[in-house]
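# Coordinate inspection notes
Residue strings, one per chain:
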Amino acid sequence: YLGIPLIAVAIALPWVLYPTPTARWLNNRVMTLQGWFINRFTQQLLLPINLGGHKWAALLTSLMLFLITINMLGLLPYTFTPTTQLSLNMGLAVPLWLATVIIGMRNQPTAALGHLLPEGTPVPLIP
């Protein structure tokens, strides 16, 4: 393999595949497909969410593109998929989960704490 470390190829390959925008009026097919895919994903993501949740769209779209890229790298021979390790999954999941819990407690504390009670709990037992 000509002494080329495959990890360098695995890291550089997705950046080569990402099309770069040009100053032309009409884009090529790859740019059109990429723009269509990101717009469609964002539209599907924002459809069931109220306006307060729209600020999460950029984060979730970039997270999805990151995970797709990382998992596609795992298809290359002699490469390692980082999403198989708990450290990457927990490193992404815990901050996102904690952010939703903290924002829920800040915005609607009674509804957030209400999820900790069983349904139909009598009022005197709530404290």
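Predicted model, so just to flag it, every value in this text is computed and none were measured. Residue positions are given per chain, counted from 1 along the sequence in the order it is written. At least 70 in pLDDT is required for a residue's local features to be given in this predicted model, at least 80 for side-chain atom pairs to be given and counted, and no such filter applies to totals for whole chains, interfaces and linings, which use all residues. As a convention, hydrogens and water are excluded, and side-chain values are obtained from all of the structure's heavy atoms.

## Details of the overall build of the protein
Looking only at helices and strands, the protein has five helices and zero strands in total. The N-to-C order of helical and strand elements in the protein reads α-α-α-α-α. Between buried and exposed lies partly exposed: a residue is buried under 20% and exposed over 50% of the maximum accessible area for its type, with that area taken using a 1.4 Å probe on protein chains only. Within the protein, buried positions represent 11% of all 127 residues. Long-range contacts, defined here as pairs at least 24 residues apart, represent 43% of the contacts in the protein between residues at least 6 apart. Residue-level accessible areas treat just the shown protein chains as cover; the underlying method is Shrake-Rupley with a 1.4 Å probe. Here the protein displays about 10,500 Å² of accessible surface, and carbon together with sulfur accounts for 72% of that area. Each helix is a run of H or I in the DSSP string that is no shorter than four residues. Each strand is a run of E no shorter than two, and both are numbered from the N terminus. For this analysis, residues touch if any pair of their heavy atoms sits within 4.5 Å.

## Some details on the UniProt feature "transmembrane region" (unreviewed entry) in the protein
UniProt positions are given in the numbering used here, feature names are shortened, and annotations may be inferred rather than shown by experiment. Under the UniProt annotation, the feature "transmembrane region" (unreviewed entry) is placed at residues 6-26, 56-80 and 86-105. With 100% helix and 0% strand, residues 86-105 has end C-alpha atoms that lie 27 Å from one another.

## Thoughts on a nonpolar patch on the surface
Without a salt bridge and with relative accessible area above 30%, a residue can belong to a patch; like charges are then joined within 9 Å and nonpolar side chains (Val, Leu, Ile, Met, Phe, Trp, Tyr) within 5 Å. The term salt bridge refers to a pairing of a side-chain nitrogen on Lys or Arg with a carboxyl oxygen on Asp or Glu at a separation within 4 Å. Nonpolar side chains collect at one region of the surface, where Trp97, Leu98, Val101, Ile102, Met105, Leu113 and Leu116 lie side by side and expose about 700 Å² of accessible area between them. Top contributing element to the nonpolar patch by residue count: helix α4 (residues 86-107), with five residues. Following the sequence through the fold, Val101 ends up in helix α4.

## Here's the deal with helix α3 (residues 57-73)
In this analysis, the expected span of each helix is defined as 1.5 Å times one less than the number of residues it contains. When the terminal C-alpha atoms of α3 are compared, their 24 Å separation across 17 residues agrees well with the 24 Å that a helix rising 1.5 Å per residue should span. For α3, the complete set of buried residues consists of Ala57, Thr61, Leu63, Met64, Thr69, Ile70 and Leu73.

## Points about the packing of helix α2 (residues 29-46) against α3
The N-to-C vectors of α2 and α3 enclose an angle of 125 degrees; their axes lie 10 Å apart at closest approach. Here α2 is positioned oblique relative to α3, judged by the angle of their axes. Seen from above, α2 lies across α3 with right-handed handedness. Residues Phe37, Ile38, Phe41, Thr42, Leu45 and Leu46 of α2 form the contact with α3, whose participating residues are Ala57, Leu60, Thr61, Met64 and Leu65. Think of each axis as a best-fit line through the C-alpha atoms, taken over the contacting stretch in the case of a helix, with angles from 0 to 180 degrees between the N-to-C directions. Throughout this description, any angle smaller than 35 degrees is read as roughly parallel, any larger than 145 degrees as roughly antiparallel, any in the 65 to 115 degree range as roughly perpendicular, and the remainder as oblique. In a left-handed crossing the near helix is turned counterclockwise from the far helix by less than a right angle, and in a right-handed crossing that turn is clockwise.

## With respect to the side chain of Thr81
Structurally, the position occupied by Thr81 is in the loop between α3 and α4. Assessed through its relative accessible area of 16%, Thr81 is described here as buried. Leave out the neighbours within four places in its chain, and Thr81 touches Ile70, Asn71 and Gly74.

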